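In case you want the letters, here they are:
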Amino acid sequence: MILDRRDVLAAGAASAVAGILPWAARAQEAEAAKAVDDLIAEFTGGAEVTEGDGITLDAPEIAENGNTVPISVEAEGASEILVLAPGNPVPPVATFTFGELVGKHMASTRIRLAKTQDITAIAKLADGKFVRTARNVKVTIGGCGG
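Note that the structure is predicted; figures quoted are calculated from it, not measured. (Residues numbered from 1 in each chain as written. Predicted model: local features only at pLDDT ≥ 70, side-chain atom pairs only at ≥ 80, totals over all residues. Heavy atoms only, no water.)

1. Focus: the overall build of the protein chain
The helix and strand inventory of the protein chain stands at one helix and nine strands. Mapped from its N terminus to its C terminus, the protein chain presents α and β elements in the order α-β-β-β-β-β-β-β-β-β. For the protein chain, buried positions account for 29% of its 146 residues. Contacts spanning at least 24 positions in sequence make up 65% of the contacts within the protein chain whose residues lie at least 6 apart. When the accessible surface of the protein chain is totalled, it reaches about 9,200 Å², and 55% of it is carbon and sulfur. (Helix = DSSP H or I, 4+ residues; strand = E, 2+ residues; numbered from the N terminus. Buried < 20%, exposed > 50% of the residue type's maximum accessible area, 1.4 Å probe, protein only. Contact = heavy atoms within 4.5 Å. Areas by Shrake-Rupley, 256 points an atom, 1.4 Å probe, with all protein chains shown as cover.)

Dropping the structure here:
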């Protein structure tokens, strides 16, 4: 087998790209985590977010199709609820705003999930506090181009 200069350059370029790809993937994951933290900070105005009591997020444990995953979120006395899916190309899924005359502070919808991930819901309560909860959903067939 005879190697010419073009073959050597192509092989060198391919190995350089192969060496860079894992670093680029880790950088994207770190950027996505930073983006979610920034979205939460923007929603809360930098206020402290507590876990658990005051908000309920219902989602299936296993979603057979990531294109239509039913979720519902409820937080009594909430003025706003933010739903995030950090594994999606665009993490903010929905923001629900409730007025003073609403009967029940609850919303349900179907969302699209790109892969298995934790869905996070953050509620702004009437007293100005923020509560958060998360639910892991395993996706068996990808939704957002997956």
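2. Section: the packing of aromatic side chains
Enumeration over the complete set of coordinates arrives at one aromatic pair. Consider the rings of Phe43 and Phe130, whose centres lie 5.9 Å apart with planes at 70°: the pair is edge-to-face. Taken together, the residues Phe43 in helix α1 (residues 5–44) and Phe130 in strand β9 (residues 130–139) connect sequence positions 87 residues apart. The pair formed by Phe43 and Phe130 is uniform in burial state, with each residue classed as buried. (Phe/Tyr/Trp six-rings, centres within 6.5 Å; stacked < 30°, edge-to-face > 60°.)

3. A few points about the pattern of salt bridges
Should their charged atoms come close, side chains of opposite charge can pair. With the rule as written, the count across this model stands at one salt bridge. Residue Arg132 is joined to Glu51 by a salt bridge in which the shortest nitrogen-to-oxygen separation is 3.6 Å. Of this pair, Arg132 sits in strand β9 while Glu51 sits in strand β1 (residues 49–51), and the two are 81 residues apart along the sequence. A residue is classified by how much of its surface remains accessible, and Arg132, at 24% relative accessible area, is partly exposed. (Salt bridge = Lys/Arg side-chain N within 4 Å of Asp/Glu carboxyl O.)

4. Quick notes on the nonpolar core
Within soluble globular proteins, side chains that are nonpolar tend to cluster in buried spots. If you look at the biggest cluster of nonpolar residues, it comprises 25 residues, and the most contacted ones within it are Ile55, Val73, Ile81, Leu113, Ile119 and Ala123. Within the residue set of this core, elements represented by two or more residues are β4 (69–74), β5 (78–84), β6 (92–97), β7 (106–111), β8 (117–125) and β9. The biggest single contributor to this core is β8, with four residues. Apart from residues no more than four positions distant in its own chain, Ala123 is found in contact with Ile55, Ala75, Ala78, Glu80, Ile81, Lys129, Phe130 and Val131. Within the second largest apolar cluster, seven residues are counted, among which are Ile40, Leu84, Ile122 and Phe130. (Core = buried A, V, L, I, M, F, W, Y, C linked by side-chain atoms within 4.5 Å.)

5. Things to note about the sheet that holds β4
The strands making up a sheet associate through backbone hydrogen bonding, with each pair oriented either parallel or antiparallel. In spatial order, the strands read β2-β4-β7; together these three strands make up an open sheet with antiparallel pairing. Of all the strands in the sheet, the pair left with one neighbour each is β2 (56–58) and β7. Each adjacent strand pair in this sheet contributes to an overall mean axis angle of 15°, direction not counted. As paired strands, β2 and β4 are joined by three bridges and run antiparallel to one another. Within β4, the residue paired with Thr56 across the bridge is Glu74. (Pairing = 2+ DSSP bridges. Axes fitted to C-alpha atoms, helices over the stretch in contact; angles between N-to-C directions.)

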